[in-house]
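# Architecture at a glance
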Amino acid sequence: MTEGLGEWDDELDATGADAMEPTKDDENAPELFYPNVAEFVNEKLATTYRRQTNVGGGVTWCPQWWKHAEAISRLEALWRAWEFLRLDGTTGMSVWWRDHADHHMSVLLSTDGPFKGCSPDDGHRSKLGPLPCDEPPVGLF
C-alpha cells in the first residue's frame, strides 16, 4: 500500500535494527482498537466525520486517499492520536476532536488541500506535484 513513498519505507535505527520491529516497551503497550490506518479511516473516521463533498467546491475528498502521501501521513497521525486518547476516559475524545481531527480534516478536505482535483464521483486525480525545492548551500546544515 505504501511502497515507494519514502518516509514510509522501512527504516533502521542507529543500531541497525529495524525501527518497525516491536520492542519490550511495545509489548506493554495497550492493544490497538483498529489494526491499521485503513480500518480506522473506513470504520471510524469516514462514518463519524460526515460531510457533503465536492458540492460547490466546499469540501474535497478522494476515495483513494492512500494514493496521497500527505493524506497517509495525516490520517496515520489521526489514528495514532485516537488510539492513545481513547484510553483517557475524561477529556481524551474532546482533545482528539479539537486538537487532531478538526485540524487535520480541515486541511485534508480543503479545496486547496492534497485532494484537489479528486472527487468521490470521479475518483483520484494526480494533479499536484511536490513543492519546488532548491539545494541549500553546502555546509549550511
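Described in the following lines is the structure provided in the data block. For clarity, every value in this text was computed on a predicted model and none was experimentally measured.

The rules we used
- Residues numbered from 1 in each chain as written.
- Predicted model: local features only at pLDDT ≥ 70, side-chain atom pairs only at ≥ 80, totals over all residues.
- Heavy atoms only, no water.
- Helix = DSSP H or I, 4+ residues; strand = E, 2+ residues; numbered from the N terminus.
- Buried < 20%, exposed > 50% of the residue type's maximum accessible area, 1.4 Å probe, protein only.
- Areas by Shrake-Rupley, 256 points an atom, 1.4 Å probe, with all protein chains shown as cover.
- Axes fitted to C-alpha atoms, helices over the stretch in contact; angles between N-to-C directions.
- Parallel < 35°, antiparallel > 145°, perpendicular 65-115°, else oblique.
- Contact = heavy atoms within 4.5 Å.
- Nonpolar A, V, L, I, M, F, W, Y, C, P; charged D, E, K, R; others polar.
- Polar contact = N/O pair within 3.5 Å; in protein donor to acceptor, adjacent residues only side chain to side chain.
- Expected span 1.5 Å × (residues − 1).
- Bend = angle between axes of the 7 residues up to and from the residue.

Secondary structure assignment for the chain yields four helices and zero strands. The order of α-helices and β-strands along the chain, N terminus first, is α-α-α-α. The 141 residues of the chain split such that 26% are buried. With the model as given, the accessible surface of the chain reaches about 9,900 Å², and the carbon-plus-sulfur share is 52%.

At a closest axis distance of 9 Å, the pairing of helix α2 (residues 37–48) and helix α3 (residues 69–85) adopts a crossing angle of 75°. Taken together, the axes of α2 and α3 lie roughly perpendicular to each other. For the pair α2 and α3, the contacting residues are Val37, Phe40, Val41, Lys44 and Leu45 in the first and Leu75, Glu76, Leu78, Trp79 and Trp82 in the second. Here the residues of the contact of α2 with α3 sort into eight nonpolar, no polar and two charged.

When you line up the elements, His68 lands in the loop between α2 and α3. For His68, a relative accessible area of 8% puts it in the buried group. Of note is the side chain of His68, whose polar atom sits 3.1 Å from the backbone oxygen of Pro114. The contacts of His68, once residues within four sequence positions are left out, are Cys62, Pro114, Phe115, Cys118 and His124.

Attention now goes to helix α4 (residues 92–109). Helix length check: α4 (18 residues) gives 23 Å between terminal C-alpha atoms against 26 Å at 1.5 Å per residue, within 8%. Maximum bend of α4: about 35°, positioned at Ala101. Those residues of α4 not exposed but buried are Gly92, Trp96, Ala101, His104, Met105, Leu108 and Leu109. Considering only its buried residues, α4 is in contact with α2 and α3.

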